[in-house]
Amino acid sequence: MKSQVNSKPKILVVDDEPDNLDLLYRTFYRDYKVLRATSGPAALDLLAQEGEVSVIISDQRMPIMSGTEFLSLTATQYPDIIRIILTGYTDVEDLVEAINAGKVFKYVTKPWEAEDLKAVVRQALDTHNVLKARTRELTRTLRQESLLNTVTNTIRSALDYRQILQAIVDTVGHMLEVDVCLLRPFQEEQLVDEGFIYQRVLREEGQGDAQTKKQSETASSLEESSPLKETAVQPTVFPKEFLEEYLNGDNQINFPSIPSSLLAQTVWETREVQIIHDVAGDERIQGETSELKQRTVAFANANICSSLVVPLICQQELMAVLALHQCYQPRIWGKEEVQLVLMVADQAALALSQAYAYEQVRALAKREGLINTITTAIRSSLDPQDIFAAITHQLGQALQVDGCVLSLWTEEDEFVHCVGLYDNSQHPEINRTPAQDNNLSTYNDLFDRELPDSQAPIQNNPILQELLRTHEPVIITDMSDCPSAIQGFDLPLKMPARSLMVVPLLADGKCIGSITLREGSKARRWISSDIELAKAVAAQAAIAVQQSRLYQTTREQAERLLQLDKQKTEFFQNISHEFRTPITLIQGPLESAVGSGEGLSHAQSAIALRNSRRLLRLVNQLLDLQRLDAGRMQPNFRPCDLVEFVSQIVESFRPYCEKKELHLVTQLGECPAVYLDMEKFDKVIYNLLSNAMKFTPEGGTISIRDYL
């Protein structure tokens, strides 16, 4: 941008006679800035230094180069200059040829009248102004068309809003020749940290032509840079003569790049166009509030002198804010420039709205894909460890976090139990898509270690208590801004956390666990799509927990049924053994009586009767099983002569022992009466003697003795 020190129109007079030059100078110097040259080559050098002039008055007959030859050279390089020729020709044909060759506006014959010449120059100046206005309008129209075409082509060729926004700032910054063009999207009711920047860096002196070089920072994170401080960046101060040379186009300066963190403070939320010709003293920049003070420091450190801040609005919704900055010298923003930027802003807002809609659809598809993957994982495995490992890994990969922890706990528990863990720092080599991870055996080698429990009691954990109270996710953008109690939030493996999102697992209106997502080294602003995805996964995880517990309960019931079946088999084996013993003891006397052809003796009859009664008791005991299952079976203790009771049982086994050639020896002393459940004690003695006869070899001895 050049500064016009003198507002007078410039005219160039060329004549090889000094008197004529002096006369022309004295005729026009009051109303015009008059440049003088004594020859065509000298005039060309002067034009190269001064740039365009409004009118050239040249003599025709000059040494080295004639007037028409000189004017024909200027016609190509400076087409808007109005050319007047002074001639003494009297031959009309020669004069017409000279005028056509030099593209002369008018000719003036020598000698001339001063007033007539002034009138011709005024007419030439009016013509020049009309041509300049038309040229400016045509240039503006072409620039507008070019800019809109570029923006439109970018919108049509890319659906990624980051590419669209970066192309917009690059194009606008280059077309309008501003030092900085910055755009910050507006989401979640605030300007996001992601910014798109164009900076113009001029070539150093002596590098040839005056082309500029563009420096673009695509989707730079404005938050990651160091925070703005008054002493962080000092404004660059150039000598006055350097700036004047730059502004007049005589020299180029290599301006330093402005940090992103500084530029972030030069854009603010607005729904109105902010046209700032000079930031010095402007109430939108200067003020006593902390925000305005910070903005003042940012503008001063960035050497910004003029700004144009334009909101991008689509359907009454603010989509982003675009800022154009001119550094080191104030700039008057023209009406045409503002209108052009507004047209671009309308197109950009529409494109951004479409891109956001596309991003939302893609995020929804990604979310549904992840949910389907997790659902498939839940259905394809009955191992809870594999399911929980798959959930944490899939969610951690989808949200690109440093860690994801799935924990089970309830309000009644003392500590949190970690059942699933994804740690990107431990396993950075896993970067498969969810569709590639349907086979849960993939995680076996990574998650087979024992997962640690949290050592912080649940009752003393403010984050978990907030989950229990609200049943809603707890979002922490930066732990360093939180109270010390929250900063001490305990994670498995003592993993460091800068940002946290803790989502509850809900079942039947109660909290049964949580999913914790963390960023270890940088603060992260969790957007709504992140939160909704985590909540959806948490709902699936709660189903997986319930399914796991149901599976565990079912498996335990199956094991109990198997145990009961085994016990039933053993019971029937035992009861069969119990039945065989009295039947055998009854069968012995009967076989003896049949073998001898005589009736039963009294002793044999007593044995048969006693064992038949025992067999009846066994049948009664089977009928008592129902009472035993119902818990209504009670022992029946009665006083008993232990020696007589045992002796009767032993005698019932004696015929069978004699048949097997076993020696049955009793050594029972006197014993006081004892209280026994006679039926159950009878069963115990019968079982002992039955097993003894079964496992004692032929010729062996079975001894029964008491120890009192």
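Here is what the cut-offs are and how they apply
- Residues numbered from 1 in each chain as written.
- Predicted model: local features only at pLDDT ≥ 70, side-chain atom pairs only at ≥ 80, totals over all residues.
- Heavy atoms only, no water.
- Pairing = 2+ DSSP bridges.
- Helix = DSSP H or I, 4+ residues; strand = E, 2+ residues; numbered from the N terminus.
- Axes fitted to C-alpha atoms, helices over the stretch in contact; angles between N-to-C directions.
- Contact = heavy atoms within 4.5 Å.
- Parallel < 35°, antiparallel > 145°, perpendicular 65-115°, else oblique.
- Nonpolar A, V, L, I, M, F, W, Y, C, P; charged D, E, K, R; others polar.
- Buried < 20%, exposed > 50% of the residue type's maximum accessible area, 1.4 Å probe, protein only.
- Arc of directions from axis to C-beta.
- Left-handed = near helix turned anticlockwise from the far one by under 90°.
- Salt bridge = Lys/Arg side-chain N within 4 Å of Asp/Glu carboxyl O.

**Q** Requested: an account of the sheet that holds strand 13 (residues 403-408), with residues and values cited.
**A** Taken in spatial order, the five strands of this open sheet run 14-13-17-16-15, and their pairing is antiparallel. The sheet is open, and its two edges are formed by strand 14 (417-423) and strand 15 (474-476), each paired on a single side. For this sheet, the mean inter-axis angle between neighbouring strands, taken without regard to orientation, is 15°. For strand 13 and strand 17 (residues 510-519), the ladder comprises six bridges, and the chain directions are antiparallel. Paired with Ser 407 across the strands is Ser 514, a residue of strand 17. Across the sheet, helix 14 (residues 528-596) lies against strand 13, strand 15, strand 16 (499-507) and strand 17, angled at about 40° from strand 16, the strand it touches most.

**Q** Can you tell me about the packing of helix 10 (residues 335-380) against helix 14, naming the residues and giving the values?
**A** A pair of packed helices is captured by two measures, namely the crossing angle of their axes and the spacing between those axes. At their nearest, the axes of helix 10 and helix 14 sit 10 Å apart, and the two run at 10° to each other. Classified by the interaxial angle, the pair formed by helix 10 and helix 14 is roughly parallel. Counting all contacts with helix 10, which are made through Arg 367, Leu 370, Ile 371, Ile 374, Thr 375 and Ile 378, the residues of helix 14 involved are Glu 532, Leu 533, Ala 536, Val 537, Gln 540, Ala 544 and Gln 547. Grouping the amino acids of the contact of helix 10 with helix 14 by side-chain chemistry returns eight nonpolar, three polar and two charged.

**Q** Kindly report on helix 3 (residues 67-77), identifying the contributing residues and their values.
**A** Burial in helix 3 covers these residues: Gly 67, Thr 68, Phe 70, Leu 71, Thr 74 and Ala 75. Viewed end-on, helix 3 has its buried residues packed into an arc of 155°, placing them on one side of the element. Exposed positions of helix 3 whose direction lies more than 90 degrees from the buried face are Thr 76 and Gln 77.

**Q** Any chance you could break down the packing of helix 2 (residues 40-50) against helix 3 for me, citing the residues and the numbers?
**A** The contact between helix 2 and helix 3 brings their axes to 9 Å, and the two run at 25°. As far as their axial angle goes, helix 3 and helix 2 are roughly parallel. Relative to helix 3, the crossing made by helix 2 is right-handed. Residues Gly 40, Ala 43, Leu 44 and Leu 47 of helix 2 pack against Phe 70, Leu 73 and Thr 74 of helix 3.

**Q** Summarise the side chain of Asp 59; cite the residues concerned and give the values.
**A** Topologically, Asp 59 is positioned in strand 3 (residues 55-59). Residue classification places Asp 59 among the buried positions, given a relative accessible area of 4%.

**Q** A description of the pattern of salt bridges should follow, citing residues and the corresponding values.
**A** Scanning the model with the defined rule gives 15 salt bridges in all. Where Glu 466 meets Arg 469, a salt bridge forms, and the shortest distance between an N and an O atom there is 2.7 Å. In this pair, Glu 466 and Arg 469 are both assigned in helix 12 (residues 462-470), three residues apart and thus about one turn of the helix distant. Members of the salt-bridge network, linked through shared partners, are Glu 519, Arg 524 and Asp 530.

**Q** Break down the sheet that holds strand 1 (residues 10-14) for me, with residues and values.
**A** Spatial ordering of the open sheet is given by 2-1-3-4-5, a layout of five strands whose pairing is parallel. The open sheet has two edge strands with one neighbour each: strand 2 (33-37) and strand 5 (106-109). Strand-to-strand, the axes of this sheet are offset by a mean angle of 20°, without reference to chain direction. Pairing geometry for strand 1 and strand 3, over four bridges, is parallel. When the bridges of strand 3 are listed, Ile 11 appears paired with Val 55.

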